[in-house]
Amino acid sequence: MIRGTTLFICTKCKKVFLAPDIEYGAMVYSVPMPCKRCGSRRTLPVLQLPYYAVYKKIWKTME
Ligand SMILES: [Zn+2]
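Residues numbered from 1 in each chain as written. Predicted model: local features only at pLDDT ≥ 70, side-chain atom pairs only at ≥ 80, totals over all residues. Heavy atoms only, no water.

Colleague: Which parts of the structure should I look at to understand the coordination of the zinc ion?
Modeller: Coordination sphere of the zinc ion, protein contribution only: Cys 10 (SG), Cys 13 (SG), Cys 35 (SG) and Cys 38 (SG), at 2.3 Å. Of note is the zinc ion, whose four donor atoms meet at the metal with angles of 105 to 119 degrees in an arrangement that counts as tetrahedral. Sequence spacing among the residues donating to the zinc ion works out to C-x2-C-x21-C-x2-C. (Donors = N, O, S within 2.8 Å, 3.2 Å for Na, K, Ca; no water. Tetrahedral: all angles 85-135°; square planar, octahedral: opposite > 155°, others 65-115°.)

Structure (structure tokens):
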């Protein structure tokens, strides 16, 4: 389910970019969107930075 757009930050190159906010597995987390600068999928919404540890697991399942 798409919840609109949100600001993502790339953990590789630190780029901040606007991308669709898609619900990840019916949870509060968002599907990591590919970085618009370096293409990395290791991204997360800026507002969800406190959940970095959760996103590390999500990135692993996507790779
Ligand atoms: Zn990047």
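Colleague: I'm lost on the packing of aromatic side chains in this one. Help?
Modeller: The description of an aromatic ring pair uses the distance of the two centres, along with the angle that the planes make with each other. Per the stated rule, a full pass over the model turns up five aromatic pairs. Seen from their ring centres, Tyr 55 and Trp 59 are 6.5 Å apart, and the 45 degrees between their planes marks the pair as tilted. Here Tyr 55 and its partner Trp 59 are both found in helix H1 (residues 52-62), four residues apart, which amounts to about one turn of the helix. The pair formed by Tyr 55 and Trp 59 is uniform in burial state, with each residue classed as buried. Each member of the aromatic cluster is reached from another via a ring pair, and the members are Tyr 29, Tyr 51, Tyr 52, Tyr 55 and Trp 59. (Phe/Tyr/Trp six-rings, centres within 6.5 Å; stacked < 30°, edge-to-face > 60°. Helix = DSSP H or I, 4+ residues; strand = E, 2+ residues; numbered from the N terminus. Buried < 20%, exposed > 50% of the residue type's maximum accessible area, 1.4 Å probe, protein only.)

Colleague: What is the right way to read the side chain of Thr 6 from this model?
Modeller: Among the secondary structure elements, Thr 6 is positioned in strand E1 (residues 2-10). Contact partners of Thr 6, with chain neighbours within four places excluded, come to Phe 17, Leu 18, Ala 19, Asp 21 and Pro 45. (Contact = heavy atoms within 4.5 Å.)

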